[in-house]
Amino acid sequence: MEDQLHLFVAETSFYNRIVLGTFLPASLWETWPHFVQTWLRNYIAGTLTYLVSGFLWCFYIYYLKRNVYVPKDEIPSIRAMRLQISVAMKAMPWYTALPTLSEYMVENGWTKCFSSVNDVGWLAYFVNLAAYLIFVEFGIYWMHRELHDIKPLYKYLHATHHIYNKQNTLSPFAGFAAVLPRHLLLLREESMGGTSKPVFVKEMMLTQGLAFHPLDGILQAVPHVIALFLFRTHFLSHILLLFLEAIWTANIHDCIDGKIWPVMGAAYHTIHHTTYRHNYGHYTVWMDWMFGTLYDPVGSAKKVT
């Protein structure tokens, strides 16, 4: 058991050296506690994943494929995307605390993680990975749904994400921009035909650093951590799946219908941002289908009942 725990610490230390050694002088971070190094590594990696995936996807769909996937008059404004990036960056230190905490629990032997596929064999690896993904799909569905159904959670945490409820306000950067509660009222006033004054106030409030609620994004990622206590999970696979969330959230907020069944793509999620009571699922449509909340984009032109 001790040997296995040493392997986990050695593995995370290796990742720390790769990321921190690339961007920071060794004299700056080598003396820091291992937990702090791990958080900083996750912060840098999370920020790069979010920005690089978002910028590349925006460049592709809004510039290289201009008017192909998104009509010119429905492309989000530069200011809207800057706002989304700004609020996401305010939340990023908190978002990256979750994978840091999960790594700490793995290193201390509190989970069912294993370091190498050779420890369990490929069959057990894939069986447990499938169980992990099914549980995460189930957990995120119900966490997301309760963030809508439990009124205080929606009002104080999740409602801010739904200020982005039209195609020209959704972008690949909107996935992490679920923060700034007072900002909700200002954007709604703007969308309802308010004067330019609320916009000015909104921007001033942002520069003054309003309180934000990254707890929304953290709660929706918690099933990834709970799964570590239930299933034999490959450690690196868990880390990669957590960071895949950043890429996935960019994908489902780009308003492009990939039409790959049963993937819960952007067309489904755009409907979620307009009806507020359908398509809570994460990667697939299965949970919404099972629990009666699936709304197919094919029927999106019809009135929702």
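Residues numbered from 1 in each chain as written. Predicted model: local features only at pLDDT ≥ 70, side-chain atom pairs only at ≥ 80, totals over all residues. Heavy atoms only, no water.

**Regarding the overall build of the protein**
Stated precisely, the cut-off is as follows: Working definition: helices are DSSP H or I runs of at least four residues, strands are E runs of at least two. Numbering for both runs from the N terminus. Residue burial is assigned from relative accessible area. The probe radius is 1.4 Å, only protein chains are included, and a residue is buried under 20% of its type maximum, exposed over 50%, and partly exposed in between. A contact between two residues is defined here by any heavy atoms of the two lying within 4.5 Å. All accessibility values rest on the Shrake-Rupley procedure with a 1.4 Å probe; residue burial counts only the protein chains present in the view.
The number of helices and strands found in the protein is 13 helices and two strands. Split into buried and exposed, the 305 residues of the protein put 49% on the buried side. Within the protein, residue pairs in contact and separated by at least 24 positions form 71% of the contacts whose partners lie at least 6 positions apart. Of the accessible surface of the protein, which amounts to about 15,500 Å², a share of 67% is contributed by carbon and sulfur atoms.

**Side note on unusual backbone geometry**
With a phi angle near 70°, Tyr276 is a residue other than glycine that sits in the positive phi range. Note that Tyr276 resides in the loop between helix H12 (266-275) and helix H13 (286-291). Owing to a relative accessible area of 25%, Tyr276 belongs among the partly exposed residues under this scheme. Phi at Asn279 takes a positive value of approximately 55°, unusual for a residue other than glycine.

**Comments concerning empty space enclosed by the protein**
For clarity, the threshold we go by: Cavities and pockets were defined on a 1 Å grid built from protein atoms only: a cavity is a group of points that admits a 1.4 Å probe but offers it no way out, a pocket is an open group of points flanked by protein on both sides within 12 Å along at least five of seven lines, and a lining residue is one with an atom within 4 Å of any such point. Grid points are joined across faces, edges and corners, and a volume is the space filled by probe spheres set on the points. Each residue gets one of three labels, nonpolar for Ala, Val, Leu, Ile, Met, Phe, Trp, Tyr, Cys and Pro, charged for Asp, Glu, Lys and Arg, and polar for the others, Gly among them.
The final tally for this structure, using the stated rule, is two cavities of 30 Å³ or more. Estimates place the volume of the second largest cavity at around 60 Å³. Forming the boundary of the second largest cavity are Phe114, Tyr125, Asn128, Leu129, Tyr132, Arg232, Thr233, His234, Ser237, His238 and Leu241. Among the elements that line the lining of the second largest cavity, the one with the most residues is helix H6 (residues 122-149), at four residues. Among the residues making up the lining of the second largest cavity, the classes are represented as five nonpolar, five polar and one charged.

**Here we look at the side chain of Glu107**
In plain terms, the rule: Distance and chemistry together define a polar contact, namely a pair of N or O atoms within 3.5 Å, with one atom able to donate a hydrogen and the other to accept it when in protein, and with adjacent residues in sequence counting only for side-chain atoms on both sides.
Mapped onto the elements, Glu107 comes out in helix H5 (residues 97-107). A distance of 2.9 Å separates a polar atom in the side chain of Glu107 from a polar atom in the side chain of His34. Excluding its chain neighbours within four sequence positions, the residues that come into contact with Glu107 are Leu5, Phe8, Val9, Thr12 and His34.

**Structural notes on the confidence of the model for the protein**
Basically, it comes down to this: On a scale of 0 to 100, pLDDT captures the predictor's confidence in every residue.
Overall, the prediction assigns the protein a mean pLDDT of 78, with 76% of residues at 70 or greater. Averaged pLDDT values over the elements of the protein bottom out at 33 in helix H9 (residues 197-207) and peak at 96 in strand E2 (residues 233-234). The low-confidence segment residues 178-212, where pLDDT is below 50, has 58 contacts with residues more than four positions distant or belonging to other chains. Scored below 50 in pLDDT, residues 301-305 makes seven contacts in the model with residues more than four places away or belonging to other chains.

**Quick word on the environment of Ala159**
The residue Ala159 is located in the loop between helix H7 (151-158) and helix H8 (181-191) in this model. The buried category is assigned to Ala159, whose relative accessible area is 3%. Taking the C-alpha atoms as reference points, Ala159 and Tyr276, separated by 117 residues in sequence, lie 9.8 Å from one another.

**Things to note about the nonpolar core**
Put simply, the test is: For our purposes a nonpolar core is just a set of buried Ala, Val, Leu, Ile, Met, Phe, Trp, Tyr and Cys residues, chained together by side-chain atoms within 4.5 Å.
Grouped together as the largest cluster of nonpolar side chains are 15 residues, with contacts concentrated most on Phe8, Val106, Cys113, Tyr132 and Phe235. No other element matches the four residues that helix H11 (residues 235-252) contributes to this core. With near-sequence residues (within four places) excluded, Tyr132 lies in contact with His224, Ala227, Leu228, Phe231, Thr233, His238 and Leu241.

**A short note on the pattern of salt bridges**
As a reminder, the rule being used: Here, a salt bridge means any Lys or Arg side-chain nitrogen found within 4 Å of an Asp or Glu carboxyl oxygen.
According to the stated counting rule, one finds two salt bridges in the structure shown. Across the pair Asp149 and Arg145 runs a salt bridge, and its minimum N-O distance is 3.5 Å. Of the two residues, Asp149 and Arg145 both sit in helix H6, four residues apart, roughly one turn of that helix. Taking the relative accessible area as the measure of exposure, Asp149 reaches 43% and is therefore partly exposed. Here Arg145 falls in the buried class, since its relative accessible area comes to 19%.

**Some words on H5**
Within H5, eight of the 11 residues are buried, which leaves it mostly tucked inside the rest of the structure. Taken residue by residue, H5 has Leu98, Pro99, Thr100, Ser102, Glu103, Met105, Val106 and Glu107 as its buried positions. At the C-terminal side of H5, Gly109 shows a positive phi close to 75°.

**Looking at the packing of helix H1 (residues 2-23) against helix H3 (residues 34-64)**
For clarity, the cut-off: A fitted line through C-alpha atoms represents every axis, and for helices the fit uses only the stretch in contact; the resulting angles, taken between N-to-C directions, go from 0 to 180 degrees. We call two directions roughly parallel when the angle between them is under 35 degrees, roughly antiparallel when it is over 145, roughly perpendicular when it lies between 65 and 115, and oblique otherwise. Helix crossings fall into two classes, left-handed where the near helix is turned counterclockwise from the far one by less than a right angle and right-handed where it is turned clockwise.
Axis separation between H1 and H3 bottoms out at 9 Å; the angle between their running directions is 55°. With respect to H3, the element H1 is oriented oblique. The interaxial crossing formed by H1 with H3 has left-handed handedness. Two secondary-structure elements touch here, H1 through Val9, Thr12, Ser13, Tyr15, Asn16, Val19, Leu20 and Phe23 and H3 through His34, Gln37, Thr38, Leu40, Arg41, Ile44 and Leu48. Residue classes in the contact of H1 with H3 are distributed as eight nonpolar, six polar and one charged.

**Remarks on the environment of Thr249**
Here Thr249 lies in helix H11. What makes Thr249 buried here is its relative accessible area of 12%. On a C-alpha basis, the gap between Thr249 and His282 in space is 9.3 Å, while along the polypeptide they are 33 residues apart.

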